[in-house]
Amino acid sequence: MELSVEFFPPKTPEGESKLHLVRERFSETLKPSFYSVTFGAGGSTQSGTLKVVSDIHAAGAAVAPHLSCVGSSRESVREMLKQYQALGVKRIVALRGDLPSGMGQYGEFHHANELVEFIRAETGDWFHIDVAAYPETHPQAKSPASDVDFFVQKIKAGANSAVTQYFYNSDAYFRFVDEAYDLGVTQPIIAGIMPITNCTQLLRFSDTCGAEIPRWIRLRLQSYGDDIASIKAFGEEVVTDLCDQLLTAGAPGLHFYSLNQADAVLAIADNLDLTK
């Protein structure tokens, strides 16, 4: 089973120091297979992503930088690939990405399968390539069936595995996996997991990315108001149960969206006996 953790590039020196401590806690207890590092809307964190990736790689841990189609040219992606190869990085997360506010169109790559094909053409089998999957359907997809078809295209373009958007309904994940496998996919589809620690933040994220918050979870969270302790305790229980369902039914791994925080992820992992 594969366990991995996602970070985003900090914007301040204080954030950098905090992330260093958070990563050390993960490395000592959870021992993730790899860390991924996000790439910001429109490539807005490109230098920050490279710095975090360099730091993690220098510490001896496996790391996978995100690469996005948005705002990227073939030449800019080629240069980033060369930088990561020079570092010795062996894994990439290839995404279409979201258009930031004010940006009217994509760069030279319009879809993630085109980016995957380009990475393969430029670097052969150097990189293990992860792509995204959407168990509850990408918010811009024409239909659930077409969304699965697009996912299959990314796999056929050369992806080694996939990581899903977060979800709280295990049935959606297993239905998506079954449909993809029925279309010939054999690569592992890792379940993306978002801990619940902040109601307002979670609802905002979910409305943006199309992840469904089941009504019973939404109502319970809203009923706690400003009671942060109750929100965190309830969130830990819900997400632990979700992860247990996934692993028991054969999910090949969990990818934790940490938001550069360790406590919630490690509490869930400890409940699942994954830190021993």
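Going by the structure above, here's the rest.
Note that the structure is a prediction, hence the values are computed from the model and not measured.

What should I look at first to understand the overall build of the protein in this one?
Counting secondary structure elements, the protein contains ten helices and eight strands. For 276 residues, the compact-globule estimate of 2.2 N^0.38 gives 19 Å, and the C-alpha radius of gyration of the protein, at 18 Å, lies within 12% of that figure. Taking the principal axes of its C-alpha atoms as reference, the protein extends roughly 50 × 45 × 40 Å. Out of the 276 residues belonging to the protein, those deemed buried represent 47%.

Just to check I follow, could you spell out empty space enclosed by the protein for this structure?
Unfilled space is identified by rolling a water-sized probe across the atoms. Under the definition given, this model contains two cavities of 30 Å³ or more. Estimates place the volume of the largest cavity at around 40 Å³. Lining of the largest cavity is provided by Met194, Pro195, Ile196, Thr197, Asn198, Gln201, Leu202, Phe205 and Leu259. Each residue belonging to the lining of the largest cavity can be placed in one class, and the counts come to six nonpolar, three polar and no charged. The volume enclosed by the second largest cavity comes to roughly 40 Å³. For the second largest cavity, the full set of lining residues is Tyr134, Pro135, Glu136, Thr137, Gln165, Tyr166, Cys209, Gly210 and Ala211.

Which parts of the structure should I look at to understand the pairing of strand E7 (residues 189-193)?
Taken residue by residue, a regular strand's side chains alternate between the two faces of the sheet. Among the five residues that make up E7, five are buried, leaving the element largely enclosed by the rest of the structure. Taking every second residue as pointing to the same face, both faces of E7 are buried, with Ile189, Ala191 and Ile193 on one and Ile190 and Gly192 on the other. Bridge count for strand E6 (residues 161-164) against E7 is two bridges, and the pairing is parallel. Looking across to E7, one finds that valine 163 is bridged to isoleucine 190. Following the chain from E6 across helix H6 (residues 170-182) to the adjacent parallel E7, one finds a crossover that is right-handed. As judged from the three bridges shared by E7 and strand E8 (residues 253-257), these two strands associate in the parallel manner. The residue of E8 that forms the bridge with isoleucine 193 is phenylalanine 256.

Here is what the cut-offs are and how they apply
Every chain is numbered independently, its residues counted from 1 as its sequence is written. With the structure being a predicted model, the display of local features is reserved for residues of pLDDT at least 70 and the display and counting of side-chain atom pairs for 80 or more, all residues being used for whole-chain, interface and lining totals. Side-chain metrics rest on all non-hydrogen atoms present in the structure, leaving aside hydrogens and water. Where helices and strands are cited, they refer to DSSP runs of H or I of at least four residues and of E of at least two residues respectively, numbered from the N terminus. To get the radius of gyration, use the C-alpha atoms; to get the globule rule, take the number of residues to the power 0.38 and multiply by 2.2 Å. Using a 1.4 Å probe on the protein chains alone, a residue whose accessible area is under 20% of its type maximum counts as buried, one over 50% counts as exposed, and one in between counts as partly exposed. The way it works is a 1 Å grid over only the protein atoms, where trapped points that fit a 1.4 Å probe form a cavity and open points with protein on both sides within 12 Å along at least five of seven lines form a pocket, and then any residue with an atom within 4 Å of a point lines it. Grid points are joined across faces, edges and corners, and a volume is the space filled by probe spheres set on the points. Any residue that is not Ala, Val, Leu, Ile, Met, Phe, Trp, Tyr, Cys, Pro, Asp, Glu, Lys or Arg is counted as polar, Gly included; the first ten are nonpolar and the last four charged. When DSSP finds two or more bridges between a pair of strands, those strands are recorded as paired. With the strands aimed away from the viewer, a crossover counts as right-handed if its path from the first strand over the helix to the second runs clockwise.

Purely spatial values, then, with no claim about function.
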